[in-house]
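Results of the structural survey
In case you want the letters, here they are:
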Amino acid sequence: MSQISELHRIELNTLKKVAEICDTNHIKYFLIGGSLLGAIRHDGFIPWDDDVDIGMRRDDYDRFASLTPALLQNTHYFMQTADTDPNFAFSYMKILDTDTYIKERNNVNDARKGVFVDIFPFDKVPRQPEIRRAVYSRFRYFDARILIRLGYNIIKTPFRKDPETNDLDHYMSVAKLKEKRENIMRLYNKEPFHHYKNYASQYAYDKEVLNQAEISELVTHQFENIQVKIPEAYDRILKRMYDDYMTLPPDRDQKEKHVDTLIVNGKNIE
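Residues numbered from 1 in each chain as written. Predicted model: local features only at pLDDT ≥ 70, side-chain atom pairs only at ≥ 80, totals over all residues. Heavy atoms only, no water.

In the annotation of an unreviewed UniProt entry, the chain is listed under the name LicD family protein and assigned to Pediococcus inopinatus.

This is how it looks when you write it as structure tokens:
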């Protein structure tokens, strides 16, 4: 079995586990990004895509984070967050398969490693573009400081060229920096706003801002041999993100972007 095939097999099992926890506990989740695109264009994985991306509204994300550690006891899965792994820098969570080990391209750090499914929280944001820009700027500032402090130096950040600045943030504990970042993300969740942002999105700001209907109205869709939840407005979302999303990219862009080395139960998979 090829590396990408084995990766997809493990990720699909992890996705099944996440979906099972969500369905059993009435937690809403939905595929986003390349995984949503794969569901629509390929009824499963994009053949060269090597990760799975899930979104949850913040209240569902918090319930999932609260329930899941106990549900994963005595399994080969680990819920990796900024709290459960002090060396993990990101603002979202990963569900890791602990029977595996991966080495990612352009990502050297001391966080736990394994084949993963990413789960991203979506937080409320105001409508005014100038406020959105200001808040996002603060999020990116603390996000970059955390990446640097935890040794994610290969990842490009606005501060990579000068990590040893003498400002107060440099002396702040990583836990405090994570707390400040989290507070920024949650800033408007009690407000009567109707737009939700994936702060950790790799795409341009507005491409992963969903309105109330887009994030709430979900349908079931095939993904490989299982059924998963996707936004009913998938066409509008995918057009916003990828434009002509049913057209395949050039051959030069059809390649894996994350995993360099994959080890499963001690065996290196080429």
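Next, the rest of the story.
Our next topic: the pairing of strand β9 (residues 218–223). Across six bridges, the pairing between β9 and strand β10 (residues 226–231) is antiparallel. Residue pairing in the sheet places L218 in a bridge with P231 of β10. Between β9 and β10, which pair antiparallel in sequence order, lie two residues; one of them, E224, sits at a positive phi of approximately 55°. (Pairing = 2+ DSSP bridges. Helix = DSSP H or I, 4+ residues; strand = E, 2+ residues; numbered from the N terminus.)

Its place among the elements puts E104 in strand β5 (residues 100–104). K94 provides the closest opposite charge to the buried, unpaired E104, separated from it by 5.0 Å. If we ignore the near neighbours within four places in the chain, the residues touching E104 are F116, H258 and D260. (Buried < 20%, exposed > 50% of the residue type's maximum accessible area, 1.4 Å probe, protein only. Lys, Arg positive; Asp, Glu negative; His and termini not counted. Salt bridge = Lys/Arg side-chain N within 4 Å of Asp/Glu carboxyl O. Contact = heavy atoms within 4.5 Å.)

Core analysis: the biggest nonpolar cluster contains 67 residues, and L15, L31, I54, F64, I119 and F223 have the highest contact counts within it. Per-element accounting of this core gives the leading share, seven residues, to helix α4 (residues 129–149). Residue contacts for I54: discarding those within four places in its chain leaves L15, V18, Y29, F30, L31, I32, V117, D118, I119 and F120. L7, I10, L96 and V264 belong to the second largest nonpolar core, which has twelve residues in total. (Core = buried A, V, L, I, M, F, W, Y, C linked by side-chain atoms within 4.5 Å.)

This paragraph deals with helix α7 (residues 234–242). Within the span of α7, buried status applies to I237, L238 and M241. Taken end-on, α7 shows its buried residues confined to a sector of 95°, consistent with a single buried face. Residues of α7 that are buried in the fold lie against α2 (33–42), β8 (209–211), α6 (212–216) and β10. (Arc of directions from axis to C-beta.)

With that out of the way, let us pick up the environment of R149. With respect to the helices, strands and loops of the structure, R149 is situated in helix α4. The exposure class of R149 is partly exposed, given its relative accessible area of 30%. Considered as a pair, R149 and L177 are 28 residues apart in the sequence and their alpha carbons are 9.7 Å apart.

At a closest axis distance of 11 Å, the pairing of helix α1 (residues 3–24) and helix α3 (residues 58–71) adopts a crossing angle of 115°. By crossing handedness, the relation of α1 to α3 is classed as right-handed. The segment α1 lies against α3, with V18, I21 and C22 engaging F64, T68 and L71. Taken together, the residues of the contact of α1 with α3 sort by class into five nonpolar, one polar and no charged. (Axes fitted to C-alpha atoms, helices over the stretch in contact; angles between N-to-C directions. Left-handed = near helix turned anticlockwise from the far one by under 90°. Nonpolar A, V, L, I, M, F, W, Y, C, P; charged D, E, K, R; others polar.)

With that settled, consider the packing of aromatic side chains. Tallying each qualifying case throughout the model produces 14 aromatic pairs. Between the aromatic rings of F30 and F122, the centroid separation amounts to 5.5 Å while the plane-to-plane angle is 55°, which identifies the pairing as tilted. Highlighted residues: F30 in strand β1 (residues 30–31) and F122 in strand β6 (residues 115–125), separated in sequence by 92 residues. The residue whose ring lies beneath K94 is F116, and the NZ or CZ to ring-centre distance is 3.4 Å. Its end group placed over the ring of Y136, K197 keeps NZ or CZ at 5.4 Å from the ring centre. (Phe/Tyr/Trp six-rings, centres within 6.5 Å; stacked < 30°, edge-to-face > 60°. Lys NZ or Arg CZ within 6 Å of the ring centre and 35° of its normal.)

As a further point, take the packing of α4 against helix α5 (residues 174–185). The geometry of α4 relative to α5 is characterised by a closest axis approach of 9 Å and an angle of 155° between their N-to-C directions. Relative to α5, α4 is oriented roughly antiparallel. Crossing handedness for the pair α4 and α5: left-handed. Residues V135, R138, F139, F142, D143, R145, I146 and R149 of α4 pack against V174, L177, K178, K180, R181, I184 and M185 of α5. Classifying every residue of the contact of α4 with α5 gives eight nonpolar, no polar and seven charged. (Parallel < 35°, antiparallel > 145°, perpendicular 65-115°, else oblique.)

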